[in-house]
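Here's the letter readout for the chains.
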Amino acid sequence: MTFSVHGLAVARGIAIGRAVLVASSRMDVAHYFIQPDQVEAEIERVRKGRNSVVEELQRLQADMPTDAPHELGALLDVHLMLLQDEALTGGVKHWIKERLYNAEWALTTQLEVIARQFDEMEDDYLRERKADLEQVVERILRYMKGVASPVAPPASSPRRHQQLGLQQDLLLDETVDVPLVLVAHDLSPADMLQFKQSVFAGFVTDVGGKTSHTAIVARSMDIPAVVGARAASQLVRQDDWVIIDGDAGVVIVDPSPIILAEYGFRQRQVELERERLARLRHTPAITLDGHKIELLANIEQPGDAAAAVRAGAVGVGLFRSEFLFMGKSGNLPGEDEQYRAYREALEGMQGLPVTIRTIDVGADKPLDHKSHKDNYLNPALGLRAIRWSLADPAMFRTQLRAVLRAAAHGKVNLLFPMLAHTHEIQQTLAQVDLARGELDARGEPYGPVQLGAMIEVPAAALMVRTFLKYFDFLSIGTNDLIQYTLAIDRADEAVAHLYDPLHPAVLRLVADVIAEGERQGKSVCVCGETAGDVAMTRLLLGLGLRSFSMHPAQILAIKQEVLRADTRKLAPWAQQVLEGEATLARGAAN
Ligand code: PEP
Ligand code: MG
C-alpha cells in the first residue's frame, strides 16, 4: 500500500530506489559494503562471535551455584535458544550475501527485523523477549570487536546486479543495478562521510534540521535527501521501494505504477535542467550591471576539490577541516597527515585559493561516537569550534603548522570558527604566531596566509569593527548565526519551522557585516547554506554581498541567478526588505 512521510527538503532532486535501513538500535556499529570475495570471511566473523557467546553462556550455566535463582537458568536457556535460532543466523547471512553488508551491519539489521516481529506479538511474555535478543546481539558484537574485520571500509562499493521486484518494468531494465536509498533514524556527519563514496541514490532520516551537518553533507553529495521525517525508519521496511522527493521533502513508500511514472518523468526533467546549467560552467559570474561575483565552493574532504573545479568554482571558500578528524575514534591526525590533506586540496584546486577553517567539532559534529552530543549539557553552547581549539593549544598548533606548511604550495586563507570575544581573537592570533615560531625553529618552510574570522555568533556581528581590526577577511556562517540569533537548535526538527534566514534580526546582522566590510575595503563572504539558496541570491546581492561559498552542486544555479541580477535595482529593494517594507517575492525589483 502506498503511503507518504513528510519531512524537510534538504537536498534537491528525485531518487527512486529500494530502502536500505540502517539499524536504529542503540548499538553503534560501522556500516559499509564489502566486496563479493569477502562474504565468507564476514560470515565467519559472525559465526566466531556467536560461538564465543554460546561457549560463554554454557560456561556460566555449568558454573552456576546450586542455590542460584531458577529464573537465571531459564534466562540463559532463552539466550542460548535465541543465539541458535535460524531467524538470526540465516537472516544475518542473507544481508551479508545478498546485500554485501559488513558483519556488524548485517547483525544489527537482522536484529531490527526480528525486533519488529517481537513488537507485533500479542503475547506479553514473547514481546518482552526483544530485550533478550538485544542483549544477545550486543554480546556477539562485543566479541566481534576483538576479531577485527579483514575488510577495511572500502573507498567505493561495488554495485550489484539484483533481481528487481514488483515495479521493474516501470523502473529499470533487469540487467541494470537497483538504486538504493538509505533510511535511518539518524546519521552522524562521520557516518555520512563514510556513505559519501557509496552507492546510495538518496537519504532519509527521522531527525535533523535543514542546516544540521548531516543535511549539509547530504547536500554536498548532491543527492536527494529528506531529514526530520520523524517515523520514517519505523514505517519503511528493508527493501521497500521508496521515492525521495528532495524538493518537496516527501518520502513515498511502495508507490503505485502511476506515481512511479510521474516521478520517473520528473527525474528526467531534473536531469535536463542539470545539463542546461552545465553550459554555464565557463561563463564568468557577472551581474547585468557589471559586478563580478565570486562563487566559491564548500568542501569537506580534499577529494571534493575536483567537484569544485568541475562546477566552475573560483576557489574554496570553506574547507570544513573537522571532517579530517572524524571517525578516527578520537585519534587525531598528526601534522604531516593534515599537511598532506591540505596540500592535496590545494593541488586539487589547480592554483585557485583555498580557505581552510580550523577544526569545528562539538555540537552535532562529535569527533567520535563516544563523545556524542548527548554527553554534554548543551552542546551547541558548549566547548565547540575555536573554544575547543583554544582549550587544547597543542592540538590547535599542530593544525596551524600543517596549514602554514601547506601554504607554501598555494594560496591559503586561514579561517577561525565561532569567535565571540576579543580575548579569543588575541589568543588565536598568538597561537598562529607561536606556530610560525615553531616552524622557524625547525627550519620548516611555510607560506603566507590571509587570516579570517567566521561571523556566526550575534556578538561577533555586533562587534564587526573590532573583528575587522584584527582580520583580513570575514566569512558569515549563517547556519550558526541564525541558530544563535533565534535560539533555534539547527539540528532539531521540532523547531525547524522557526529557523528563519529572513528573520529581520538575522538580516540586519548580515547586512551590517557586509556594509562594514565594504566600508573598510575588506572581503566578506557568506559560507552558510543561504549562500547556496537561489531564493536568497538576489537579496544578498542587494545587500552588497559579492562573495558566496556553497556546495559545488549549487554553484551553477546560483550563477544563473547572478547573471540575471541587476544590483542597481536590487540594492534599494533589499533596503526595503530590511526595513520590513518589501517582501522577498520572486520578480520583485528585478
Ligand atoms: C555556518 O555556521 O554557517 C557554517 C558555514 O559553519 P558550519 O555549518 O560548519 O557550522
Ligand atoms: Mg558554523
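Computed from a predicted model, the values in this text were never measured in an experiment.

Definitions and cut-offs
- Sequence order as written defines residue numbering, which begins from 1 separately in each chain.
- For naming, the first written chain is A and the first written ligand is 1, with later ones following in the order written.
- Side-chain atom pairs in this predicted model are given and counted only at pLDDT of 80 or more, local residue features only at pLDDT of at least 70, and totals for whole chains, interfaces and linings cover all residues.
- Heavy atoms from the whole structure form the basis of all side-chain values; hydrogens and water molecules are not counted.
- Metal sites are built from N, O and S donor atoms within 2.8 Å, or 3.2 Å for Na, K and Ca, and they leave out water, so they may look incomplete.
- Counting from the N terminus, the helices are the DSSP runs of H or I reaching at least four residues and the strands are the DSSP runs of E reaching at least two.
- Confidence of the predictor at the level of single residues is given by pLDDT, which spans 0 to 100.
- Two residues qualify as a contact provided that any one of their heavy atoms is within 4.5 Å of a heavy atom in the partner residue.
- In these notes, a set of buried Ala, Val, Leu, Ile, Met, Phe, Trp, Tyr and Cys residues joined through side-chain atoms within 4.5 Å is what counts as a nonpolar core.
- Summary of the burial criterion: residues with accessible area below 20% of their type's maximum are buried, those above 50% are exposed, and those between are partly exposed, where the area comes from a 1.4 Å probe applied to protein chains only.
- A helix is expected to span 1.5 Å for every residue after the first.
- Here, a salt bridge means any side-chain nitrogen of Lys or Arg that lies within 4 Å of a carboxyl oxygen of Asp or Glu.
- Paired strands, as defined in this entry, are two strands with at least two bridges between them according to DSSP.
- Axis lines are fitted through C-alpha atoms, for helices just across the contact stretch, and the angle between N-to-C directions can take any value from 0 to 180 degrees.
- Only the six-membered ring of Trp is used, alongside the rings of Phe and Tyr, when aromatic pairs are assigned; centres must lie within 6.5 Å, and planes under 30 degrees apart are stacked while those over 60 apart are edge-to-face, with the rest tilted.
- We call a charge positioned over a ring when the NZ of a Lys or the CZ of an Arg lies within 6 Å of the ring centre and within 35 degrees of the ring normal.

Focus: the coordination of the magnesium ion (ligand 2)
Protein ligation of the magnesium ion (ligand 2) involves Glu456 (OE) and Asp480 (OD), the donor distances falling in the range 2.0 to 2.2 Å. With Glu456 in the loop between strand 13 (449–455) and helix 18 (458–462) and Asp480 in helix 20 (residues 478–486), the pair connects residues that are 24 residues apart, well separated along the chain.

Considerations on the confidence of the model for the protein chain
Looking at the protein chain as a whole, its pLDDT mean stands at 87, while 89% of the residues score no less than 70. In this model, residues 369–375 is a region of pLDDT below 50 whose contacts with residues beyond four sequence positions or in other chains number 11 contacts.

Notes on the nonpolar core
Phe416, Phe471 and Leu474 are the most contacted members of the largest nonpolar core, which has 90 residues in total. Among residues more than four places away in sequence, those in contact with Leu474 are Ala453, Ile455, Val464, Phe467, Leu468, Val513, Ser523, Val524 and Cys525. Formed by 59 residues, the second largest nonpolar core is a distinct cluster that contains Leu83, Leu100, Ala215 and Phe323.

Comments concerning helix 16 (residues 393–406)
Under the 1.5 Å per step criterion, the end-to-end length of helix 16 is 20 Å for 14 residues, consistent within 8% with the ideal 20 Å. Among all positions of helix 16, only Met395, Phe396, Arg397, Thr398, Gln399, Leu400, Arg401, Ala402, Val403, Leu404, Arg405 and Ala406 are buried.

Observations concerning the pattern of salt bridges
Across all of its chains, the model carries 33 salt bridges by this definition. With a shortest N-O distance of 3.0 Å, Arg384 and Asp360 are connected by a salt bridge. Of the two residues, Arg384 is situated in the loop between strand 11 (354–357) and helix 15 (385–391) and Asp360 in the loop between strand 11 and helix 15; the sequence distance between them amounts to 24 residues. Here Arg384 matches Asp360 in class, with each residue buried. A salt bridge links Arg508 to Glu579, with the nearest nitrogen and oxygen atoms 3.7 Å apart. Of the two residues, Arg508 is situated in helix 21 (residues 504–519) and Glu579 in the segment after helix 24 (567–578); the sequence distance between them amounts to 71 residues. Through salt bridges that share partners, Glu335, Asp336, Arg397, Arg401, Arg405, Glu438, Arg442 and Glu444 make up one connected network.

A short note on the sheet that holds strand 2 (residues 8–11)
With respect to topology, eight strands assemble into an open sheet ordered 1-8-7-3-4-5-6-2, the strand pairing being mixed. Strand pairing shows two members of the sheet lacking a second neighbour, strand 1 (3–6) and strand 2, which therefore form its edges. Each strand axis lies, on average, 30° off the axis of its neighbour in the sheet, ignoring direction. Here strand 4 (residues 180–184) pairs with strand 5 (residues 202–205) via four bridges, running parallel. Within strand 5, the residue paired with Leu182 across the bridge is Phe203.

Concerning the packing of aromatic side chains
Within this structure, the stated rule accounts for 10 aromatic pairs. Measuring from centroid to centroid gives 6.1 Å for Phe33 and Tyr101, while their planes differ by 55°, and the two rings are tilted. Of this pair, Phe33 sits in the loop between strand 3 (14–22) and helix 1 (39–62) while Tyr101 sits in the loop between helix 3 (86–99) and helix 4 (103–119), and the two are 68 residues apart along the sequence. A relative accessible area of 2% places Phe33 in the buried class. The exposure class of Tyr101 is buried, given its relative accessible area of 0%. With centroids separated by 6.2 Å and ring planes inclined at 80°, the aromatic side chains of Phe396 and Phe416 adopt a geometry described as edge-to-face. Taken together, the positions of Phe396 in helix 16 and Phe416 in strand 12 (residues 412–416) put the pair 20 residues apart, joining distant regions of the chain. Classification of Phe396 by relative accessible area gives buried; the value is 0%. In textbook terms, an aromatic cluster arises when at least three aromatic residues are bridged by ring pairs, as seen for Phe33, Trp95, Tyr101, Trp105, Phe200 and Phe203. Cation over ring: Arg405 sits above Tyr339, and NZ or CZ is 4.2 Å from the ring centre.

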